[in-house]
Amino acid sequence: MTDWLEHSVQVEVAVPIEFSWSLWSDLEQMPRWMKWIESVHVLEENPDLSRWKLATGGLEFTWLSRILKIVPQQIIQWESVDGLPNRGAVRFYDRHGSSIVKLTIAYGIPGWLGKIMDNLFLGRVVESTIQADLERFKEYALAAYGQS
């Protein structure tokens, strides 16, 4: 039995939505701002699938993810098809010269793990981590936009 936890965080970035979109839609670049993601490899034979590796605190997880929906400059939605159970979406909102990036992640934890860990504590750790990742994305995007 799996318990699902979900978190949503967002950040406003002073770059056009097209630029925010271009960075996020290149999945293999995500480890540059998501410190807990060690690598992302899009499969050449099927670009809707990507292999992810998460490494943090001595723990390592991998999964294969499938893109469920892409609407350019609006949403990228995914779900895992093997490995660590997770799903989510990154949404983009145009603020006329800046953009809001909202990341929603849901992940499954085995019931036995939920019994030995405090889900509220785990949730706070995950949420603060992904919020920090979005802040790193903001810094990365601003630096990259300044160079373009």
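For the structure, see preceding data.
The following paragraphs examine the structure supplied in this document. Because the structure is predicted, anything quoted here is derived from the model rather than measured.

## Regarding the pairing of strand β2 (residues 37-43)
In step 1: Sheet topology places β2 next to strand β3 (residues 46-56); six bridges connect them, and they run antiparallel. Along β3, the bridge assignment pairs V42 with S50.
In step 2: The loop that links β2 with its antiparallel partner β3 comprises two residues.

## Topic: the pattern of salt bridges
In step 1: Inspection of the entire model under this criterion finds five salt bridges.
In step 2: Here D82 makes a salt bridge to R51, at a shortest N to O gap of 3.2 Å. Within this pair, whereas D82 is found in strand β5 (residues 75-83), its partner R51 is found in strand β3, the two being separated by 31 residues in sequence.
In step 3: Classification of R51 by relative accessible area gives partly exposed; the value is 31%.
In step 4: Between R66 and E79 there is a salt bridge whose closest N-O contact spans 3.4 Å. Residue R66 is found in strand β4 (residues 59-71), and its partner E79 is found in strand β5; the two are separated by 13 residues along the sequence.
In step 5: Salt bridges sharing common partners tie together E38, K53 and E60.

Calculation rules
Residues numbered from 1 in each chain as written. Predicted model: local features only at pLDDT ≥ 70, side-chain atom pairs only at ≥ 80, totals over all residues. Heavy atoms only, no water. Pairing = 2+ DSSP bridges. Helix = DSSP H or I, 4+ residues; strand = E, 2+ residues; numbered from the N terminus. Salt bridge = Lys/Arg side-chain N within 4 Å of Asp/Glu carboxyl O. Buried < 20%, exposed > 50% of the residue type's maximum accessible area, 1.4 Å probe, protein only.

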